[in-house]
Amino acid sequence: MSLKNIVEQLNLFKQCKKYNLPLWQCPQFLFLFLGIFIIASILIIYAIGVKYINEPEVVALITLLVAIFLIVLDALITRSFERLAEASRMKSEFIKIVSHQLRTPLTNFKWTLESLLSQKENLISEKYFEYFKILKENSERMENLMKDLLVVAQIETEGFFIKKEEFSLEELTKEVIKEFECLAKKFGVEIKYYFQENLPKVLADKKQIKEVVKNLLDNAIRYNRENGKVEIKIEKKPKYLYFEIKDTGVGIPKDDQKYIFQKFFRSANIMRYQTQGTGLGLYIAKKIVEKSGGKIGFKSQENKGSTFYFTLPLSKNFRFL
Amino acid sequence: MKKILFIEDERGLQNALGDLLKKEGFEVISAFDGKTGLELAKEKKPDLILLDLILPKLPGFEVLRELKKEKETKNIPVIILTNLEEISEVNKALELGATTYLVKAQYTMEEVVERIKKIF
């Protein structure tokens, strides 16, 4: 029992360290302190009350002092929460400003490159054309990072909205597969899909879910082997649609599995396969799916492959078919 | 030939998009700050105004407000061309009378030109 207490305490200190706050400003510690203080003061007041039972004024005074102390403690706790909320707000504000400021030079890049590349026939030799293509690709990478950061900031400040509409998940998936044909060919990966017949429509944000599917397919292709396979399945379950994507890739090491949906997490073996990733894709995918009323998860075995899946609620009209 | 007033403080964007618009047969008038933009709008009476929101001397929203107040400019279609993305800003611009709101970073120049042609 005492070992457990010690472990709990250690966690508390770790928590407060995470916030970069001194102990007396850390909400968890203050709560614990408050709890202990309340219990102690009840006992003390009882003891004093029993002793001075003939002098109620003394008991009343002590009770008053205790109450004042509790109020001060409460104020401290509230202040510490305010500080945390403010820090979170400032972080989102910062992301917003930085991403806007970075978008401006990025747009300059993008449009100037567009001008240059459109003049290929007249002015640019093959060699320079290749260099410009690399510049264009890299400005696109920066743009994608910017976009992801903005989505993350929105998610964290609850400014993230899901617009629900009915759409066909299999049609959307086919579109995405088509978009990734080039990439799949480049990595030597074959994409197969099996969709059940007469699938009902789902009710979710089409644009956001497209991002989720794109992210999962991108991972399945990039972390795959040469001549590997990607299999996509969509099935109807009683209250939802089930989407599964299986790859014959490198899999996720067991130790990393619990961190997979965390922000900025990049597994150690990943750097070999996808140096471009931001570590935000799955975090965003999880938030989108959960906000849409679905669940997301995966099964993975190192060196064998991974299977990612998510579910989406059916559109009301189809619920009882 | 249709006249387009391009109010944007970034020289790189003025060059790139300006060149493309000229190639597509439009006459392009450039303004690098909000105050000049407003003056040129009243003076030259363009057929379309491309308006950035973050501008020196007079911010984009103020320019838009003035444009829609003055009799001589209030019927000129205005396309907001900016990198600000907040829903609140989009709504504000549309309420003030902007025709379209485009986030620069999300479009290629070709796509912007398509939208412009659609207005005419």
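Residues numbered from 1 in each chain as written. Chains lettered and ligands numbered in written order. Predicted model: local features only at pLDDT ≥ 70, side-chain atom pairs only at ≥ 80, totals over all residues. Heavy atoms only, no water.

Okay, the overall build of chain A next. The secondary structure content of chain A amounts to 10 helices and 7 strands. Taking all 321 residues of chain A together, 39% fall into the buried category. Long-range contacts, defined as pairs at least 24 residues apart, comprise 71% of the intrachain contacts of chain A with a sequence gap of at least 6. Total accessible area on chain A is roughly 20100 Å²; 60% of this is exposed by carbon and sulfur atoms. (Helix = DSSP H or I, 4+ residues; strand = E, 2+ residues; numbered from the N terminus. Buried < 20%, exposed > 50% of the residue type's maximum accessible area, 1.4 Å probe, protein only. Contact = heavy atoms within 4.5 Å. Areas by Shrake-Rupley, 256 points an atom, 1.4 Å probe, with all protein chains shown as cover.)

By volume, the second largest pocket is sized at about 240 Å³. What lines the second largest pocket is a set of 13 residues, and nearest its centre among them are Ser115(A), Ser118(A), Leu20(B), Lys23(B) and Met109(B). Elements with a minimum of two residues in the lining of the second largest pocket: helix 3 (56–117) of chain A together with helix 1 (11–23) and helix 5 (109–119) of chain B. Taken together, the residues of the lining of the second largest pocket sort by class into 4 nonpolar, 3 polar and 6 charged. (1 Å grid on protein atoms, 1.4 Å probe; cavity = no way out; pocket = protein on both sides within 12 Å on 5 of 7 lines; lining within 4 Å. Points joined across faces, edges and corners; volume = space filled by probe spheres on them. Nonpolar A, V, L, I, M, F, W, Y, C, P; charged D, E, K, R; others polar.)

Bringing helix 5 of chain B into the picture now. For helix 5 of chain B, the complete set of buried residues consists of Met109(B), Val112(B), Val113(B) and Ile116(B). In a view along the axis of helix 5 of chain B, the buried residues occupy a sector of 100°, so they form one face of it. Across helix 5 of chain B from its buried face, at more than 90 degrees, point the exposed residues Glu110(B) and Lys118(B). Lining the buried residues of helix 5 of chain B we find helix 3 of chain A together with strand 1 (3–7), helix 1, strand 3 (48–51), strand 4 (78–82) and strand 5 (100–103) of chain B. (Arc of directions from axis to C-beta.)

Together, Leu61(A), Leu64(A), Leu65(A), Ile68(A) and Val72(A) give the surface a local cluster of nonpolar side chains, amounting to about 480 Å² of exposed area. Mapping Val72(A) onto the fold places it in helix 3. (Patch = residues over 30% accessible without salt bridge, like charges linked within 9 Å, V, L, I, M, F, W, Y side chains within 5 Å. Salt bridge = Lys/Arg side-chain N within 4 Å of Asp/Glu carboxyl O.)

Once that is clear, we can look at the sheet that holds strand 2 (residues 190–195) of chain A. Residue and element names in this part refer to chain A. Read across the open sheet, the 5 strands follow the order 2-4-5-7-6; overall the sheet is mixed. Since the sheet does not close on itself, it has two edges, and those belong to strand 2 and strand 6 (296–301), each with one partner. Each strand of the sheet is rotated relative to its neighbour by a mean of 15°, with strand direction disregarded. Helix-sheet contacts for helix 6 (residues 169–179) involve strand 2, strand 4 (229–236), strand 5 (240–247) and strand 7 (305–313), and the interaxial angle to strand 2 is about 170°. (Pairing = 2+ DSSP bridges. Axes fitted to C-alpha atoms, helices over the stretch in contact; angles between N-to-C directions.)

For Glu114(A), the location among the structural elements is in helix 3. Assessed through its relative accessible area of 17%, Glu114(A) is described here as buried. For the pair formed by Glu114(A) and Phe132(A), sequence separation is 18 residues and the distance between their alpha carbons is 9.4 Å. Those residues in contact with Glu114(A), other than ones at most four positions away along the chain, are Thr108(B), Met109(B) and Glu110(B). From its side chain, Glu114(A) meets the backbone nitrogen of Glu110(B) in a polar contact 3.1 Å long. (Polar contact = N/O pair within 3.5 Å; in protein donor to acceptor, adjacent residues only side chain to side chain.)

A word on the pattern of salt bridges. Residues and elements named next belong to chain A. Overall, the coordinates contain 18 salt bridges over all chains when judged by the stated rule. Ionic pairing is found between Glu175 and Lys210, a salt bridge with its closest N-O pair at 3.4 Å. Residue Glu175 is found in helix 6, and its partner Lys210 is found in helix 8 (residues 206–222); the two are separated by 35 residues along the sequence. For Lys210, a relative accessible area of 21% corresponds to the partly exposed category. One salt bridge connects Lys286 with Glu290, and the closest N-O pair in it is separated by 3.3 Å. One end of the pair, Lys286, and the other, Glu290, are both in helix 10 (residues 281–291), 4 residues apart, so they sit about a helical turn from each other. You can call Lys286 partly exposed: its relative accessible area is 27%.

Let's shift gears to the interface of chain B and chain A. It is common to give the size of an interface as the accessible area lost on bringing the parts into contact. Taken residue by residue, the interface counts 21 residues in chain B and 14 residues in chain A. Contact between chain B and chain A buries roughly 1600 Å² in total, counting both sides, with carbon and sulfur atoms accounting for 55%. Per-residue buried area on chain B facing chain A is highest for Asn83(B), Ala105(B) and Met109(B); these three make up 33% of the total on that side. Between the two partners, chain B and chain A, sit 0 salt bridges. (Buried area = accessible area lost by both parts, 1.4 Å probe.)

This paragraph deals with the nonpolar core. The tendency in soluble globular proteins is for nonpolar side chains to be buried side by side. With 47 residues, the main nonpolar core has Leu169(A), Leu217(A) and Phe310(A) as its most contacted residues. The greatest single-element share of this core, amounting to 7 residues, is contributed by helix 8 of chain A. Not counting residues up to four positions away in its chain, the partners in contact with Leu217(A) are Val176(A), Ile177(A), Phe180(A), Ile191(A), Val230(A), Ile232(A) and Ile245(A). Ile7(B), Ile29(B), Ala31(B) and Leu51(B) belong to the second-largest nonpolar core, a separate cluster that totals 24 residues. (Core = buried A, V, L, I, M, F, W, Y, C linked by side-chain atoms within 4.5 Å.)

Attention shifts here to the packing of helix 8 of chain A against helix 10 of chain A. All names here are of chain A. In contact at an axis separation of 9 Å, helix 8 and helix 10 are set at 140° when each is read in the N-to-C sense. Between helix 8 and helix 10, the angle is such that the two are oblique. In this structure, helix 8 crosses over helix 10, and the sense of that crossing is left-handed. Side by side, helix 8 and helix 10 meet where Gln208, Ile209, Val212, Asn215, Leu216 and Asn219 of the first sit next to Gly281, Leu282, Ala285, Ile288 and Val289 of the second. (Parallel < 35°, antiparallel > 145°, perpendicular 65-115°, else oblique. Left-handed = near helix turned anticlockwise from the far one by under 90°.)

The next subject is helix 1 of chain B. Since there are 3.6 residues in each turn of an α-helix, residues three or four apart along the chain are aligned in direction. The terminal C-alpha atoms of helix 1 of chain B lie 18 Å apart, and with 13 residues this matches the ideal 18 Å at 1.5 Å per residue to within 8%. For helix 1 of chain B, every residue scored as buried is listed here: Leu13(B), Gln14(B), Ala16(B), Leu17(B), Gly18(B), Leu20(B) and Leu21(B). (Expected span 1.5 Å × (residues − 1).)

Let's shift gears to the packing of aromatic side chains. All chains considered together, the criterion is met by 8 aromatic pairs over all chains. Three or more aromatic residues link up through ring pairs in this structure, and these residues are Phe33(A), Phe37(A) and Phe69(A). Cation over ring: Arg11(B) sits above Phe32(B), and NZ or CZ is 4.4 Å from the ring centre. A cation over a ring is seen here: Lys92(B) above Phe61(B), with NZ or CZ 4.2 Å from the ring centre. (Phe/Tyr/Trp six-rings, centres within 6.5 Å; stacked < 30°, edge-to-face > 60°. Lys NZ or Arg CZ within 6 Å of the ring centre and 35° of its normal.)

So, about the confidence of the model for chain B. Of the residues in chain B, 100% have a pLDDT of 70 or more, and the chain-wide mean is 92. At the level of chain-chain contacts, confidence expressed as ipTM amounts to 0.83, with global pTM at 0.62. (pLDDT = per-residue confidence, 0-100.)

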